[in-house]
Amino acid sequence: MAFEGLTSRLQNVFGKLRGKGKLSEDDVNEAMREVRLALLEADVNFKVVKDFIAKVKEQAVGAEVTKSFTPGMVVIDIVNKELTELMGGTQSKLAKSNRPPTVILMAGLQGAGKTTSSGKLAKMLMKDKHRPLLVACDIYRPAAIKQLQVLGEGIGAPVFTMGDKTSPVEIARAGLAHAKEHGNDYVIIDTAGRLHIDEALMEELRMVHEVTKPDEVLLVVDAMTGQEAVNVAQSFHSQLELTGVVLTKLDGDTRGGAALSVKAVTGTPIKFVATGEKIEPLEPFHPSRMASRILGMGDMLSLIEKAQSNIDAEKAAEMERKMRTAEFTFEDFLEQMEQVRNLGPLDQLLDMLPGMGKVKEMKNVKVDEKQISRVEAIVKSMTKEEKQKPEILNHSRRKRIAAGSGTSIAEVNRLIKQFDDMKKMMKQFSSMMGPKGPKGGMKGLKGMKGMLGKGMKFPF
Ligand SMILES: Nc1nc2c(ncn2[C@@H]2O[C@H](COP(=O)(O)OP(=O)(O)OP(=O)(O)O)[C@@H](O)[C@H]2O)c(=O)[nH]1
């Protein structure tokens, strides 16, 4: 997971500080030395680290940390604020033209994730009821146009192409005209990537820039390349005024250097981050949330936003009613599992919970996505009737389901048993809670204790 090393190192430093009632200046200096090493190890630009430490130290002394009763907290708070500042302070939003369409030029090296990010950006805009047009200007890589077309089809966004015999400048110009004619309020121009920055590429980008006068020039960089991503950003920025950076592949085990250095080195803010190869909406970058995440303080706000935009409130209420009345079927179960999965890989969700990074590390908790897929496959192999009335699942039906889902009868049996237990538990729980909260006094409590004693099991 991204930032894992940095987070655990910083947590160690702060853990030591927290344990002390009072901090001497030496303690602060020692802690700062360790923070400095942690940042360098995470591949943060050395000059950025130097300035950062100087700022934190200055404030730590100013805040009279040594006299505070909770000195550890004061230092963490300062580091948190400075990390946030380092990444730009506040969120930098996508530009919006007063005279639509808003034109967004996507640039970047080969394989950075430009085409994928263009699709994610379109999806994000469509979620907000916009009508983006994707324009295919990469005429050099043979499969690039097709890739954008397939991607557009997948998300239902129009893609403008003129094949690979027309110059990118002409395609961009025509794409813009097409958008105006068809009422597209955003135009996303996917340009060609190169292995290295070269003059021909820059010249082409400058010309496309000239004819389309973009409101945004977003540079797509791969977070996994660390400092190299920052160097690339700096070179692009010196030749083509960038307005923002899209940091991709944050799902990988990037050490964090790029996220922390890009703004400080180039002056260009990170506007979006991307995780995963699936075309999900691009996520806006919030410096303060990222800082909390790096410090292992969790990112509850992003988690709540994700849940709010992905979980249908009406469906959730209906589900809650069914659970209370124990009408819950395998169909509901599947639907609920899908809703949770829509939030993203479970590993990533766990990372957003405060302290979870530490828990995962300690207990070596691994979310077994494969196991979840198996459970899903079993439920999907049931007929509609079976899903609604699990009691009809006799041996021959179970055998068929095992074969259909590529699992074993034992696994099918286990799932059905766990589902039954879960239903029973829900029933007990709801009769105990009643529609208006706990009732039954001691009896209720005893029941609850019994349930906990038996261990509440879930199928995964
Ligand atoms: N894990 C992960 N993979 C990504 C992400 N973004 C893109 N990729 C993958 O990275 C590879 C390159 O992505 P593309 O979008 O084709 O890259 P590009 O920058 O358009 O490349 P060119 O068209 O060759 O310049 C693909 O295999 C993508 O699936 C991301 O956020 N996370």
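Above this text is the structure in question.
Residue positions are given per chain, counting from 1 as you read along its sequence in written order. Per-residue local features are limited, in this predicted model, to residues with pLDDT of at least 70; the limit for side-chain atom pairs, both in listing and counting, is 80 or more; totals at the level of whole chains, interfaces and linings are taken over all residues. Only hydrogens and water are set aside; all other atoms, that is, all heavy atoms of the structure, feed into the side-chain values.

**Student:** Before we move on, could you go through helix α2 (residues 25-41) and cite the residues and values that matter?
**Tutor:** Segments assigned H or I by DSSP are reported as helices when at least four residues long, segments assigned E as strands when at least two residues long, and all are numbered from the N terminus. Expected span of a helix, by definition, is 1.5 Å for each gap between consecutive residues, and there is one gap fewer than residues. Over its 17 residues, α2 extends 24 Å from the first C-alpha to the last, a length consistent with the 24 Å expected when each residue adds 1.5 Å. Any residue under 20% of the maximum accessible area for its type is buried, any over 50% is exposed, and the rest in between are partly exposed; the area is computed with a 1.4 Å probe on protein chains only. Within α2 the residues assigned to the buried category are D27, V28, A31, M32, E34, V35, A38 and L39. For α2, the angular spread of the buried residues around the axis is 160°, confining them to a single face. Opposite the buried face of α2, at more than 90 degrees from it, the exposed residues are E25 and D26. Positive backbone phi, at 70°, marks D43, one or two positions downstream of α2. Note that the arc is defined by the directions from the helix axis to the C-beta atoms.

**Student:** How would you sum up the pattern of salt bridges? Please name residues and give values.
**Tutor:** Whenever a carboxyl oxygen of Asp or Glu lies within 4 Å of a side-chain nitrogen of Lys or Arg, that contact is scored as a salt bridge. Scanning the model with the defined rule gives 17 salt bridges in all. Residue R374 pairs with E411 through a salt bridge whose shortest N-O separation is 2.8 Å. Here R374 is found in helix α17 (residues 369-380), whereas its partner E411 is found in helix α20 (residues 409-433), with 37 residues between them in sequence. Judged by relative accessible area, R374 falls into the partly exposed class, the value being 34%. We classify E411 as buried; its relative accessible area is 15%. One connected set of salt bridges, linked through shared partners, spans E199, E203 and R206.

**Student:** Break down the packing of helix α4 (residues 71-86) against helix α11 (residues 287-294) for me, citing the residues and quoting the values.
**Tutor:** For the pair α4 and α11, interaxial distance at closest approach is 8 Å and the crossing angle is 130°. By the criterion of interaxial angle, the relationship of α4 to α11 is oblique. Relative to α11, the crossing made by α4 is right-handed. Here N80, L83 and T84 of α4 come into contact with α11, specifically with P287, S288, A291, S292 and I294. Residues are grouped as follows: nonpolar covers Ala, Val, Leu, Ile, Met, Phe, Trp, Tyr, Cys and Pro; charged covers Asp, Glu, Lys and Arg; every other residue, Gly included, is treated as polar. Of the residues in the contact of α4 with α11, the class split is 4 nonpolar, 4 polar and no charged. In this description, a line fitted to the C-alpha atoms serves as the axis of each element, helices being fitted only across the stretch in contact, and the angle between N-to-C directions of two axes falls anywhere from 0 to 180 degrees. Each angle is binned into one of four classes, with values under 35 degrees roughly parallel, values over 145 roughly antiparallel, values of 65 to 115 roughly perpendicular, and all other values oblique. For a crossing to be left-handed, the near helix must be turned anticlockwise from the far one by less than a right angle; the clockwise case is right-handed. Contacts between residues were defined by any pair of non-hydrogen atoms, one from each residue, lying within 4.5 Å.

**Student:** Please set out the packing of helix α7 (residues 168-182) against helix α8 (residues 199-212) residue by residue, giving values where relevant.
**Tutor:** Look at α7 against α8: their axes get within 9 Å of each other, and the N-to-C directions meet at 25°. The orientation of α7 relative to α8 falls into the category roughly parallel. In this structure, α7 meets α8 at a crossing whose hand is right-handed. Here P168, V169, A172, R173 and L176 of α7 lie close against α8, whose contacting residues are E204, M207, V208, V211 and T212. Split into classes, the residues belonging to the contact of α7 with α8 amount to 7 nonpolar, 1 polar and 2 charged.

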